[in-house]
Amino acid sequence: MNEFDPFAAEWVSYAKSPQYTLVEKCLKLSQILEFPDLDITEYVKKLQSFEHGLHDHISDVKNPIYLVSMLNEYMFDILEFEANSDDYYNPRNNFLNIVIEKRTGIPITLSIIYIELAKAIGLELRPVGFPGHFLVKYSEELILDPFNRGSLLDVEDLQDILDSTYGEGVEFEPEYLNDIEPEKILIRILRNLKGSYTDSFSYEKAMHCINMILGLDPNSSEDIRDKGIVQSRLLQNDLALASLNKYLELAPEADDVDDVLEMIKSIKEKSSQ
């Protein structure tokens, strides 16, 4: 089950190093998975040039509402970043270099850039791993949605996001607005990519994503399960059985235990034929 993946090995040493920023780690992720010739420093400099432009765009007023207003005007009207609603599930929306180039992305990548730009004007924004829709906050009362041009959200808006993502079965909870750590942001991007690659039958790339996630969170049961599923599709039956059994060991009460047992049975039957 612990077969060596050079992609994951390179990734883990970089992602766990305190000397790199979240932006650099996101760009490294792009470089490893899709863009081997990507120059990380070049894109860091592009972002810095945006930051300098924003800094020159504002007055000395330090009122956070004013700063948010100026940030929104600069990012969405002047730089013309926008939500990629038409092609939301395209894996390219998860690659920060593409988002910087095309000025279009999904909530998580737009939020990373939004937070980075805010630093240039002394506005300390924090990432929020809201279920199904990444957000940003200045305080518990000032919740912002960079996917929707930095709009200010109230509890009703947050419930609407949950309803549109999950149907009407999920009630808003205050802990949904907790800060999310950089490592978990990277895992969330990798899970997006894992899903996109799996849906498009790019199983080798999906496997790299899973191994990169497990390099940061070795006991993530959902990713161990998905590893088993992808291994079975790659006809790596022995490895698939090891992963799926490990999942059952880690998550014996999971809702999908019956499905996983059925999958194990099916793989064993195919292997014995």
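Residues numbered from 1 in each chain as written. Predicted model: local features only at pLDDT ≥ 70, side-chain atom pairs only at ≥ 80, totals over all residues. Heavy atoms only, no water.

Trainee: So, the environment of Phe7: which residues are in play, and what are the values?
Mentor: Take Phe7: it is sitting in helix α1 (residues 6–15). By relative accessible area, which is 30% here, Phe7 ends up partly exposed. Along the primary structure Phe7 and Glu42 are separated by 35 residues, whereas in three dimensions their C-alpha atoms are 22 Å apart. Among all residues touching Phe7, those that are not within four sequence positions of it are Ile32 and His208. (Helix = DSSP H or I, 4+ residues; strand = E, 2+ residues; numbered from the N terminus. Buried < 20%, exposed > 50% of the residue type's maximum accessible area, 1.4 Å probe, protein only. Contact = heavy atoms within 4.5 Å.)

Trainee: Lay out helix α10 (residues 221–233) in plain terms, naming residues and giving numbers.
Mentor: In an α-helix, one full turn covers 3.6 residues, which means residues spaced three or four apart are oriented alike. Across its 13 residues, α10 extends 19 Å between first and last C-alpha, which sits within 8% of the 18 Å expected from 1.5 Å per residue. For α10, the set of buried residues is Asp223, Ile224, Arg225, Asp226, Lys227, Gly228, Ile229, Val230, Gln231 and Ser232. Phi for Leu235, located one or two positions after α10, is positive at around 65°. (Expected span 1.5 Å × (residues − 1).)

Trainee: Outline the sheet that holds strand β4 (residues 135–139), listing residues and values.
Mentor: Strands sit in the order β3-β4-β5-β6 across an open sheet of four strands; the sheet is antiparallel. Here the strands that pair on one side only, and so sit at the sheet edges, are β3 (126–128) and β6 (151–153). Taken over all neighbouring pairs, the strand axes of this sheet differ in orientation by 40° on average, direction set aside. By the bridge criterion, three bridges tie β3 to β4 in an arrangement that is antiparallel. When the sheet's bridge partners are listed, Pro127 is paired in β4 with Val136. Lying over the sheet, helix α6 (residues 107–119) contacts β3, β4 and β5 (142–145), oriented at roughly 30° with respect to β4. (Pairing = 2+ DSSP bridges. Axes fitted to C-alpha atoms, helices over the stretch in contact; angles between N-to-C directions.)

Trainee: Before we move on, can you summarise the side chain of Thr104 with the specific residues and values?
Mentor: Positionally, Thr104 belongs in strand β2 (residues 104–105). Looking at Thr104, its side chain comes within polar contact range of the main-chain oxygen of Glu82, at 3.3 Å. In this structure Thr104 touches Phe81, Glu82, Ala83, Asn84, Asn93 and Val99, once residues within four positions along its chain are discounted. (Polar contact = N/O pair within 3.5 Å; in protein donor to acceptor, adjacent residues only side chain to side chain.)

Trainee: Requested: an account of the layout of surface pockets, with residues and values cited.
Mentor: If a probe the size of a water molecule is rolled over the atoms, the empty space left behind becomes visible. Approximately 530 Å³ is the volume found for the largest pocket. Surrounding the largest pocket, 20 residues form its lining, Tyr88, Tyr89, Gly132, His133 and Asn192 being those nearest its centre. When residues of the lining of the largest pocket are traced back to their parent elements, those giving at least two are α6, α7 (155–166) and α8 (182–199). The element contributing the most residues to the lining of the largest pocket is α8, with five residues. Here the lining of the largest pocket is composed, by residue class, of nine nonpolar, nine polar and two charged. (1 Å grid on protein atoms, 1.4 Å probe; cavity = no way out; pocket = protein on both sides within 12 Å on 5 of 7 lines; lining within 4 Å. Points joined across faces, edges and corners; volume = space filled by probe spheres on them. Nonpolar A, V, L, I, M, F, W, Y, C, P; charged D, E, K, R; others polar.)

Trainee: Describe in detail the environment of Leu33, supporting the description with residues and values.
Mentor: Looking at where Leu33 falls in the secondary structure, it is placed in helix α2 (residues 22–33). Exposure remark for Leu33: the relative accessible area of 8% places this residue in the buried category. If near-sequence neighbours (up to four positions away) are discounted, Leu33 is found in contact with Phe95, Leu190, Leu193, Tyr197, Lys205, His208, Cys209 and Met212.

Trainee: Please give an account of a negative patch on the surface that cites residues and values.
Mentor: On the surface, Glu80, Glu82, Asp86 and Asp87 cluster together into a patch of negative charge. Mapped onto the elements, Asp86 comes out in the loop between β1 (82–83) and α5 (96–102). For Asp86, a relative accessible area of 82% corresponds to the exposed category. (Patch = residues over 30% accessible without salt bridge, like charges linked within 9 Å, V, L, I, M, F, W, Y side chains within 5 Å. Areas by Shrake-Rupley, 256 points an atom, 1.4 Å probe, with all protein chains shown as cover. Salt bridge = Lys/Arg side-chain N within 4 Å of Asp/Glu carboxyl O. Lys, Arg positive; Asp, Glu negative; His and termini not counted. Charge placed at Lys NZ, Arg CZ, Asp CG, Glu CD.)

Trainee: Before we move on, could you go through the state of the cysteines and cite the residues and values that matter?
Mentor: Applying the stated rule across the entire model yields zero disulfides. No disulfide involves Cys26; its sulfur sits 13 Å from the nearest other cysteine sulfur, which is in Cys209. Cys26 sits in the buried class, given a relative accessible area of 3%. (Disulfide = S-S within 2.5 Å.)

Trainee: So what's going on with the side chain of Asn211? Which residues, and what values?
Mentor: Position of Asn211 among the secondary structure elements: in helix α9 (residues 203–216). Taking the relative accessible area as the measure of exposure, Asn211 reaches 10% and is therefore buried. Here the side chain of Asn211 touches Asp5 through a polar contact of 2.9 Å, side chain to side chain. Look past the residues within four positions of Asn211 in its chain and what remains in contact with it is Asp5, Ala8 and Lys227.

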